Amino acid sequence: MSMWRSLSPGEIDLAVPGKQCVQVRLGREAELMLPIVIVHNGYGPTILVAGGTHGDEFEGQITVANFCRGIEPENVHGTLVLLPLHNVLACKAGTRLTPGDGSDLNRLYGRPGGDGPAHAIARFVETVLLADVDWVIDLHSGGSAHEFVLSSNLQARLNSAEFETMRDPLLAFDAPYAIVFDEVSAAGDMPHTGTLEGHARALGKKAISSELGGAGRVTPASLGVAEHGLRSLLSHIGVVPWAGATRPDQSRSQLLFLGRPEHYVRNSLAGRFAPTVALGDKVRKGMHLGSIAPLDDPLAPPEPIISPTDGIAVAIARHGLQQAGAGVIYLADTQDRVVRRKEPATKDGRS
Ligand SMILES: [Zn+2]
């Protein structure tokens, strides 16, 4: 691809008018080249869009790459910083973690130091790109381990000022679901630290992410939602106006909240996982969600997985074989779209 130019990190300039297709040299010997497309035109916000933060989540990689090829400077009002293969080595290998050093790029932000390619990428994005960025859009999916409902995601406390500010962009994505995650409550193995999204929020940036399917592959539906969502959100922000964009008040997204400890359903023993619910199913507390059959003894009865709460099934583990303590099913509460500040997070006061 002759369109690419090879630059060192110090040569990156987001203010150059037009479209720059750059391979940034991050490795000592060119073994680590990070592809970035920068589009700058006129006045407007600066948006960083990442796909492939995890290399086994292909929806974002394909969607951002398609967008990179089609975008022309005259359609942009501001600056786009597009990272189609954010964790480039993991993307090429199709793995969640960076080959070689086993790093999760999305746990390295805001943590200076460290060796290896994922650290080099995080350091570059933090020091060279993030300072000038107003928004981060990081497109994730369930990867190889899980499949999620197709959803835009926001990290925020329900009914907080941040929720109020970000609700419209979350809905403008127009995925079937819009999920508000509250990692502050330390539910499950939360909060995750070191995420690009979390670091951007700590720096005062706006951040939207997604869980767009997963299961280690893409579908026509997941790609369709990803492509419409990215373009609709960029239009809502105002940086790339698009006649096909969905206004927040027209959004078809069902708003959900995922953040209570009971939302993370774990199996107690290692074994063969047989869910009896499907993505999007409504479940009741006490209902069977599936079972785990012990590994060694086919005559031993499977252990039921019982729902600890009411909710909607928003993620289901993909593999038939699960380790003890794995998060096999994630649930979420349905939420009104209207902001109900100074009221309990759930209608009936359940905690
Ligand atoms: Zn991810």
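Rules of the game
Residues numbered from 1 in each chain as written. Predicted model: local features only at pLDDT ≥ 70, side-chain atom pairs only at ≥ 80, totals over all residues. Heavy atoms only, no water. Donors = N, O, S within 2.8 Å, 3.2 Å for Na, K, Ca; no water. Tetrahedral: all angles 85-135°; square planar, octahedral: opposite > 155°, others 65-115°. Domains from an automatic or database assignment. Contact = heavy atoms within 4.5 Å. Buried area = accessible area lost by both parts, 1.4 Å probe. Phe/Tyr/Trp six-rings, centres within 6.5 Å; stacked < 30°, edge-to-face > 60°. Helix = DSSP H or I, 4+ residues; strand = E, 2+ residues; numbered from the N terminus. Buried < 20%, exposed > 50% of the residue type's maximum accessible area, 1.4 Å probe, protein only. Pairing = 2+ DSSP bridges. Axes fitted to C-alpha atoms, helices over the stretch in contact; angles between N-to-C directions. Parallel < 35°, antiparallel > 145°, perpendicular 65-115°, else oblique. Left-handed = near helix turned anticlockwise from the far one by under 90°. Nonpolar A, V, L, I, M, F, W, Y, C, P; charged D, E, K, R; others polar. Polar contact = N/O pair within 3.5 Å; in protein donor to acceptor, adjacent residues only side chain to side chain.

Regarding the coordination of the zinc ion
Every protein donor of the zinc ion is accounted for by His-54 (ND1), Glu-57 (OE), Glu-57 (OE) and His-140 (ND1), and the metal-donor separations fall at 2.0 to 2.3 Å. One way to put it: the four donor atoms around the zinc ion meet at angles of 58 to 150°, and that makes the site irregular.

Some details on the domain arrangement of the protein chain
Parsing the protein chain into structural domains produces domain 1 (5–258) and domain 2 (263–334). On a C-alpha basis, the centres of domain 1 and domain 2 stand 30 Å from each other. Contacts between domain 1 and domain 2 engage 19 residues on the former and 19 residues on the latter. Between domain 1 and domain 2, the buried area comes to about 1,500 Å², and carbon and sulfur atoms account for 64% of it. Considering only the side of domain 1, the residues that lose the most area to domain 2 are His-146, Phe-257 and Leu-258, jointly responsible for 32% of the buried surface there.

Structural notes on the packing of aromatic side chains
A complete count under the given rule lists two aromatic pairs for this structure. For the pair Phe-148 and Tyr-330, a centre-to-centre distance of 5.9 Å together with 65° between the ring planes defines the contact as edge-to-face. Taken together, the positions of Phe-148 in strand 7 (residues 146–155) and Tyr-330 in strand 18 (residues 327–334) put the pair 182 residues apart, joining distant regions of the chain.

Some details on the pairing of strand 4 (residues 46–51)
For strand 4, a buried count of six out of six residues is recorded, marking the element as mostly surrounded by other parts of the structure. Neither face of strand 4 is left uncovered, since the one carrying Thr-46, Leu-48 and Ala-50 and the one carrying Ile-47, Val-49 and Gly-51 both have all their residues buried. Alignment of strand 4 against strand 5 (residues 78–83), held across five bridges, turns out to be parallel. Bridge assignment links Ile-47 to a residue of strand 5, and that residue is Leu-80.

With respect to the packing of helix 1 (residues 58–70) against helix 6 (residues 220–237)
Put simply, helix 1 and helix 6 touch, their axes get as near as 9 Å, and they point 50° apart. It follows that helix 1 is oblique to helix 6 by the angle criterion. For the element pair helix 1 and helix 6, the recorded crossing hand is right-handed. When helix 1 is examined against helix 6, the residues Glu-59, Ile-62, Thr-63, Asn-66 and Phe-67 are found in contact with a partner set consisting of Ser-222, Leu-223, Ala-226, Glu-227, Leu-230, Arg-231 and Leu-234. Tallied by class, residues from the contact of helix 1 with helix 6 come to six nonpolar, three polar and three charged.

Re the side chain of Gln-61
Mapped onto the secondary structure, Gln-61 falls in helix 1. At 3.0 Å, the side chain of Gln-61 and the backbone oxygen of Glu-57 are in polar contact. Once residues lying within four places of it in the same chain are set aside, the contact partners of Gln-61 are Gly-51, Gly-52, His-54, Gly-55, Asp-56, Pro-84, Leu-85 and Cys-91.

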